[in-house]
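# Descriptive structure summary
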Amino acid sequence: MSDLHIRCADLSDIDTVLHFWSEAAEGTSISDDHDGVARLISRDPEALLLAERDGLLAGTVIAGFDGWRCSAYRLAVHPDCRRQGIATALLEAAEQRFINLGGRRVDAMVLEANERAHHTWSAAGYHREDHWRRWVKPL
């Protein structure tokens with residue numbers, strides 16, 4: 001995977017990332033807009049990791065750490081680039097970030113209906129915890 005480059009996103013990447021997510025990510029988030037991604041990058045410039053090949057965006061993951069827990073969101077690989085080790089490389093980069101920050105465990109947000117993602121996360125060593133449920137309240 002020597003032709004794959006992983007880097008942190010910056011503010012100039014926002015429109016590209018949003019377009020990418022519309023093609024490659026399953027589902028949407030309430031923060032999938034310019035202001036939401038700008039807040040993420042401004043607050044934690046190393047959280048949004050981009051995988052690029054030949055100058056094109058091939059994958060993303062948000063590796064957020066709040067000092068208490070490590071959270072992985074928006075693991076997405078372009079449909080034309082799947083099954084090439086990009087998700088694995090992104091997760092390894094996210095996990096290394098967490099280790100460097102003193103993290104102890106990664107929580108990943110994975111859509112219930114996205115069976116393909118279940119296999120990806122499982123292959124990377126993650127397991128589902130059925131005794132937890134996500135509770136949300138839009139602000």
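Residues numbered from 1 in each chain as written. Predicted model: local features only at pLDDT ≥ 70, side-chain atom pairs only at ≥ 80, totals over all residues. Heavy atoms only, no water.

The name that an unreviewed UniProt entry assigns to the chain is GNAT family N-acetyltransferase, with the source organism given as Streptomyces sp. 900116325.

Before going further, it helps to spend a moment on the pairing of strand β2 (residues 48–53). Of all six residues making up β2, six are buried, and the element is well covered by its neighbours. Where burial is concerned, the two faces of β2 agree: the one with Leu48, Leu50 and Glu52 and the one with Leu49, Ala51 and Arg53 are both buried. Note: strand β1 (residues 4–8) against β2, five bridges, orientation antiparallel. Directly across from Cys8, in β2, lies its bridge partner Leu49. Hairpin connection between β2 and strand β3 (residues 56–65): a loop of two residues separates the two successive antiparallel strands, and Asp54 in this loop has a positive phi of roughly 55°. (Buried < 20%, exposed > 50% of the residue type's maximum accessible area, 1.4 Å probe, protein only. Helix = DSSP H or I, 4+ residues; strand = E, 2+ residues; numbered from the N terminus. Pairing = 2+ DSSP bridges.)

Attention now goes to the pattern of salt bridges. A side chain of one charge can pair with a side chain of the opposite charge if their charged atoms are brought near each other. Tallied over the entire structure, the rule returns eight salt bridges. Residue Arg7 is joined to Glu52 by a salt bridge in which the shortest nitrogen-to-oxygen separation is 2.9 Å. Of this pair, Arg7 sits in strand β1 while Glu52 sits in strand β2, and the two are 45 residues apart along the sequence. The class of Arg7 is partly exposed, set by a relative accessible area of 22%. Judged by its relative accessible area of 17%, Glu52 is buried. Linking Arg97 and Asp44 is a salt bridge whose minimum nitrogen-to-oxygen distance equals 2.6 Å. (Salt bridge = Lys/Arg side-chain N within 4 Å of Asp/Glu carboxyl O.)

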